[in-house]
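Here is how the chains run, residue by residue.
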Amino acid sequence: MHPLSLSLVCRFISPSLSGEKKLIHCNMELNTIKDAFDRVVKKQKLSSSKSQDMIERVSQEIEQAISRMQSVSGTTSQPDHKEVLAEVKTKLKEISPLSQLDNPQKELSVALNKYPKILEKFFNPDISKAYRNVDSDVHTVNQILASHFYREGLFDIGDCFTEEAQEPEYADKKSPFLEMYRILKAMRSGDLEPALEWAAINREKLNQNGSNIELQLRRLQFIDILQKKGRDEALKYCRKYMTPCAHVCMPDIQKLMACLLWAGRVECSPYYDLFLPHHAEKLAEELAQQYCKLLGESYESPLSTTIAAGVQGLPTLLKLMNVMTGRKQEWQSMKHLPVPVDLAKELQFHSIFVCPVSRDQASEENPPMLLSCGHVLCKQSITKLSKNNSTRPFKCPYCPTEVEVGQCRQLHF
Amino acid sequence: MEIDALPNGNSPAATSTPSPATTPAGSTPVSKAGQLSESLKLEHQFLRVPFEHYKKTIRANHRVVEKEMSSVISGVSQAADGDLSQDDAVSHLNSLVSRLQGLKRKLEEGNLAEHLQAQRCKARIDHLESVDLENVAEWNNTRVKRILVDYMLRMSYYETAIKLAQSSNIQDLVDIDVFQEAKKVIDALRNKEVAPALAWCADNKSKLKRSKSKFEFQLRLQEFIELVRDGNSMRAITYTRKYLAPWGATHLKELQRVFATLAFRSNTECLQYKALFEPKQWDFLMDQFKQEFCRIYGMTLEPLLNIYMQAGLSALKTPFCYEDDCPKEDPLSQESFRKLASPLPFSKQHHSKLVCYITKEIMDTENPPLVLPNGYVYSTKALEEMASKNNGNITCPRSGLVCDYSEVVKAFIS
């Protein structure tokens, strides 16, 4: 590793527990939890086997008493049944089975009480602390859930759900995805026809979106035919379907024609990676992405995205609640979260500009402005720095350049 | 106020050396692992519920052992103290032995049940341990399913819950059997029967007492109201003596109020007392039960789905989400999500987070933002690629302006 990049990597590790260390730390705590639980199981087994023992012993004593009573009573030295009963009663008192169960039970109780305390130490015992009591319309939630099931291809479950929840059938949410999964299923079992049909119907829109998926499908089919049916069929295929659009895919046609030379010995060809099986799966993914785009839907289920954001944001909000005890009213009615919630970059959908001087978020009334030195401030900060005098130049807070208000340009992220 | 040191904007020759203090930690593996371990800490309910169930089974099984054992021993004492013939003594002792045999079998069955529940507890700890940076996408997917099953169970959509759990083989990771215990009580309450609910209260007596619950009292009150509704005044009064009086010490006012319904008929117009006769009271009881139930098992009162969604919607909510050109990948571009998010607070940022309109990637010091002559901004990667494919020309996808790559200016954002 280049020495410079190594030192940069080291700088990324913050003084507090780094992420990697945190995961290891986590595993150690989970081991503690596992041990505590194993202890419970062990004590339970001990208590249980003690119970078994005692049942056995008491049973034996009684059975012995029975046989003694039933033994041939001829001589007077044989005890009569009353004495046997008295003996057994005394014997049982001696053994005192119930109190013998006390100790194992006590140890079990200790273990049973310790475990939840350990859980509460590691886990946050109440994640509903940051929950706001607002009305959330059940039907809206149900609609979101039904859409989620259909998008994920879980059609049976989606139907079962809409029935149990007594919601109307969301046919319009269901049918586009039924179609998509039909195409994908065919693709995954080697039949590219439904996909090609779809691509042909939507050719114009796909082109507008800059997607060449129809070409990729043809390519995949060509390779498939080459492998399964041989050179002649592959050549026929190419002449029929790809030559007509040679003006857009000449380099591809050239490559594919070259592949013909290596038919049967693909591994030796410089194009062998075109024959690898993962292309089919990748193409299926891309088709799903383009399909969703044409529908005007996102590729990821919005429910999954929201839950992911919740998982990332909730720890911060729960920590916040620790300092907001007794201020429930304030929490319920605030318009902005008081602390920033860091989301992973996949969950950043909008550009947010925060002025480094005023810490305000840019908005339509207060847009970000580019200074002639290349630094960016919000409009209100510029107004303040230039002391409301739009003709006087002012100093950029970051570099010693003097900039003029008139030269500042509004930015559109 | 601290101003981070930014590279000097006036020296175009300066290559962008990443300054450690300002590079956002974004998506480096270091912070992803940190996020993972933080998210595990949210899973208290996941481990607590099966444990409480396990504990309950252990205690219940042990009570059976104690009871039977003590019965048998006192059975022997009685025989010894009594006056039985030999034959009677033998048959009595035989019956005691077969009781013990029965107890042995019950103990074995109980052990099996306990073992399965212990396995479930362990499987969950293992599941938490199993997550790492490689399988995180699948693990997160499983979490979404777990959250959905929890929702279905709380809403009593049992079919859906079972189907969903089976489809991804997560039966051990969800609490269907615990909720099915609740189902019996809820169904009965829906049919205006309190018996299973009362049995449940008896089963969980000590825990309910510890939390000072008055649920049993409320059940008794409802039974009383039903007696009054049926015109069974005499029975209602005897019922009060037997079941309601013990609660008089702690809940006198409420008792008095409900007891006064005797003076009214069930079709009374007096608002205060009319409310007590409403069938809605049964819905109230069902809700109360659900709350008590969740409390005892260490579950959140709200479905996990609501908790995570509220946090997520708030974290995602920006004023830009409500604009027409909000990207489709943002859940808040959809009407249903906007509706849920409307009473929630907006998110807040302390540092700029810029996303390239074209590539959707973050614009930071490694992929700095470039400004076109008309003020529109795109990432270096996007414009470099566009220029390389178009003879150095750049077309702004939003305004249509065409310019040369040399005309763009770098912007420095902290």
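Residues numbered from 1 in each chain as written. Chains lettered and ligands numbered in written order. Predicted model: local features only at pLDDT ≥ 70, side-chain atom pairs only at ≥ 80, totals over all residues. Heavy atoms only, no water.

Observations regarding the overall build of chain B
Basically, it comes down to this: Here a helix means four or more residues in a row that DSSP labels H or I, a strand means two or more in a row labelled E, and each is numbered from the N terminus. Burial classes follow relative accessibility: with a 1.4 Å probe on protein chains only, a residue under 20% of its type's maximum area counts as buried, one over 50% as exposed, and anything between as partly exposed. In this description, contact between two residues means that some pair of their heavy atoms is separated by no more than 4.5 Å. Here the Shrake-Rupley method, with its probe set to 1.4 Å, supplies the accessible areas, and only the displayed protein chains count as covering residues. In summary, the charge assignment counts Lys and Arg as positive and Asp and Glu as negative, without counting His or the chain termini. Lysine's charge is taken at NZ, arginine's at CZ, aspartate's at CG and glutamate's at CD.
Per the secondary structure count, chain B includes 16 helices and 5 strands. Considering chain B as a whole, with its 414 residues, one finds that 48% of them fall into the buried category. Relative to all contacts within chain B whose residues are 6 or more apart in sequence, the contacts with residues 24 or more apart total 61%. Carbon together with sulfur atoms contributes 51% to the accessible area of chain B, which is approximately 20000 Å² in total. For chain B, the centre of its 53 positive side-chain charges and the centre of its 52 negative side-chain charges are spaced 7 Å apart.

Observations concerning the overall build of chain A
Our working definition: Restricting the calculation to C-alpha atoms gives the radius of gyration, and the globule rule supplies 2.2 Å times the number of residues raised to the power 0.38.
Tallying secondary structure elements over chain A gives 17 helices and 5 strands in all. Against the compact-globule benchmark of 22 Å for 413 residues, chain A has a radius of gyration of 37 Å, which places it well outside the compact range. Residue burial in chain A is summarised as follows: out of 413 residues, 44% are buried. Expressed as a percentage of contacts within chain A between residues at least 6 apart in sequence, the contacts between residues at least 24 apart total 56%. Element-wise, carbon and sulfur atoms account for 52% of the exposed surface of chain A, whose accessible area totals about 22500 Å². Positive and negative charge centroids in chain A, built from 53 and 51 side chains respectively, lie 7 Å apart.

Overview of the sheet that holds strand β1 (residues 368-370) of chain A
All names here are of chain A. Formally: One bridge is not enough; two strands pair if DSSP finds at least two bridges between them.
Ordered in space as β2-β1-β5, the 3 strands form an open sheet in which the pairing is antiparallel. This sheet does not close on itself; its edge strands, each paired only once, are β2 (376-378) and β5 (409-410). Where β1 meets β5, 2 bridges bridge the pair, whose relative direction is antiparallel. What sits directly across from M369, in β5, is Q410.

What to know about the interface of chain A and chain B
Test applied: As a working definition, buried area equals the accessible area (1.4 Å probe) given up by two parts on being put together, with both sides summed. The term polar contact refers here to a pair of N or O atoms within 3.5 Å; inside protein, the definition further demands a hydrogen-donor-capable atom paired with an acceptor-capable atom, and it admits residues adjacent in sequence only when both atoms are side-chain atoms. Here the nonpolar group is Ala, Val, Leu, Ile, Met, Phe, Trp, Tyr, Cys and Pro; Asp, Glu, Lys and Arg are the charged ones; every other residue, Gly included, is treated as polar.
With 142 residues of chain A at the contact, the number on the chain B side is 148 residues. Overall, the association of chain A and chain B removes approximately 13100 Å² of surface from exposure, summing both partners, and the carbon and sulfur fraction of that is 67%. Our count for the contact surface shared by chain A and chain B stands at 34 residue pairs in polar contact (both at pLDDT 80 or more). Per element, the largest residue contribution to the side of chain A that touches chain B is 30 residues, and it comes from helix α2 (residues 19-70) of chain A. Considered class by class, the residues forming the side of chain A that touches chain B number 79 nonpolar, 40 polar and 23 charged.

Let's talk about helix α14 (residues 304-316) of chain B
Worth spelling out the cut-off: Helices are assigned an expected span. That span is 1.5 Å times one less than the residue count.
End to end, α14 of chain B covers 18 Å across 13 residues, agreeing with the expected 18 Å (1.5 Å per residue, within 8%). Most of α14 of chain B is tucked away, with 13 of its 13 residues classed as buried.

Points about the side chain of S301 of chain A
Residues and elements named next belong to chain A. Turning to its location among the elements, S301 is positioned in the loop between α14 (278-295) and α15 (302-323). Only 2.6 Å separates the side chain of S301 from the side chain of H148, close enough to count as a polar contact. Aside from chain neighbours lying at most four places away, what touches S301 is H148, R151 and E152.

Section: a positive patch on the surface
Selection rule: Every patch collects residues that have over 30% relative accessible area and no salt bridge, joining them within 9 Å if they carry like charges and within 5 Å if they are nonpolar side chains (Val, Leu, Ile, Met, Phe, Trp, Tyr). A side-chain nitrogen of Lys or Arg and a carboxyl oxygen of Asp or Glu constitute a salt bridge if their distance falls within 4 Å.
A cluster of basic side chains, namely R39, K42, K114 and K121 of chain A, defines a positive patch on the protein surface. The residue K114 of chain A is located in helix α5 (residues 102-122) in this model.

A short note on helix α7 (residues 155-164) of chain A
Those residues of α7 of chain A that sit buried are F155, I157, G158, C160, F161 and T162 of chain A. The inward-facing, buried residues of α7 of chain A contact α6 (138-151) and α8 (171-188) of chain A together with α4 (136-154) and α5 (158-167) of chain B. Positioned one or two residues after α7 of chain A, Q166 of chain A has a phi angle of 55°, which is positive.

Structural notes on the nonpolar core
As a reminder of what qualifies: Buried Ala, Val, Leu, Ile, Met, Phe, Trp, Tyr and Cys residues that are joined via side-chain atoms within 4.5 Å together make up what is termed a nonpolar core.
Among the nonpolar cores identified, the biggest contains 158 residues, and I33, Y115, L145 and L217 of chain A together with L305 of chain B are the most heavily contacted of them. Sequence-distant contacts of L305 of chain B, that is, excluding residues within four places in its chain, are made with V141, L145, L303 and I307 of chain A together with I147, L148 and Y151 of chain B. Judged by nonpolar contacts, the second largest core, of 37 residues, contains C373 of chain A together with Y376, M386 and I394 of chain B.

Let's talk about the confidence of the model for chain A
To keep things clear, this is the line we draw: Confidence scores here are pLDDT values: one per residue, from the predictor, ranging 0 to 100.
Across chain A, the average pLDDT comes to 85, with 92% of residues at 70 or higher. Taken together, the stretch residues 3-16 of chain A has pLDDT below 50 and engages in 7 contacts with residues farther than four places along the chain or on a different chain.

Things to note about the confidence of the model for chain B
Keep in mind that low pLDDT regions are not for reading the predicted coordinates in detail. All names here are of chain B. Considering every residue of chain B, the mean pLDDT works out to 86; 92% of them sit at 70 or more. Mean pLDDT across the elements of chain B bottoms out in helix α12 (residues 271-277) (77) and peaks in α14 (96). A low-confidence stretch, residues 1-27 (pLDDT under 50), is modelled with 33 contacts involving residues beyond four sequence positions or located in other chains. Predicted complex, confidence summary: ipTM 0.87, pTM 0.86.

Points about unusual backbone geometry
The residue S96 of chain A is not glycine, and still its phi comes out positive at about 50°. Within the fold, S96 of chain A resides in the loop between α3 (81-95) and α4 (97-100). The exposure class assigned to S96 of chain A is partly exposed, which follows from its relative accessible area of 26%. Within the chain, K360 of chain B stands out as a residue other than glycine whose phi angle is a positive 65°. Examined against the element boundaries, K360 of chain B turns out to sit in the loop between α15 (335-341) and β1 (369-371). On the accessibility criterion, K360 of chain B (48% relative accessible area) is partly exposed.

What about the side chain of S379 of chain B?
Residue and element names in this part refer to chain B. By secondary structure assignment, the location of S379 is in strand β2 (residues 377-379). The exposure class of S379 is buried, given its relative accessible area of 0%. Filtering out sequence-adjacent residues up to four positions away, S379 remains in contact with C356, T359, M363, N367 and P368.

A word on the packing of aromatic side chains
Residue and element names in this part refer to chain B. For clarity, the threshold we go by: Note on ring pairs: Phe, Tyr and Trp rings are taken, using the six-membered ring of Trp, and paired if centres are within 6.5 Å. Classes follow the plane angle, with under 30 degrees stacked, over 60 edge-to-face and the rest tilted. Geometrically, a lysine NZ or arginine CZ counts as sitting over a ring once it is within 6 Å of the ring centre and also within 35 degrees of the ring normal.
For the structure shown, the criterion picks out 20 aromatic pairs over all chains. An aromatic cluster is built from F179, W200, F215, F289, F293 and Y297, whose rings are joined through pairwise contacts. Stacked on the ring of F346, the Lys or Arg K317 has its end atom at 4.5 Å from the ring centre.

Quick word on the sheet that holds β2 of chain B
Residue and element names in this part refer to chain B. Test applied: Angles run from 0 to 180 degrees between N-to-C directions of axes, and those axes are lines fitted to C-alpha atoms, restricted for helices to the stretch in contact.
Taken in spatial order, the 3 strands make up an open sheet running β2-β1-β5, and their pairing is antiparallel. Looking along the sheet, the strands with just one partner apiece sit at the ends: β2 and β5 (409-410). As paired strands, β1 and β5 are joined by 2 bridges and run antiparallel to one another. Paired with V371 across the strands is V409, a residue of β5. Here helix α16 (residues 380-389) sits on the sheet in contact with β1 and β2, set at roughly 85° to β2.

Brief notes about the packing of helix α2 (residues 44-81) of chain B against helix α3 (residues 86-129) of chain B
Residues and elements named next belong to chain B. Heads up, the condition is: Reported orientations rely on four angle classes, namely roughly parallel under 35 degrees, roughly antiparallel over 145, roughly perpendicular from 65 to 115, and oblique for the rest.
α3 packs onto α2 with a crossing angle of 170° between their chain directions and a minimal axis gap of 9 Å. Between α2 and α3, the angle falls in the class roughly antiparallel. Looking at the contact of α2 with α3 residue by residue, the class counts come to 21 nonpolar, 9 polar and 6 charged.

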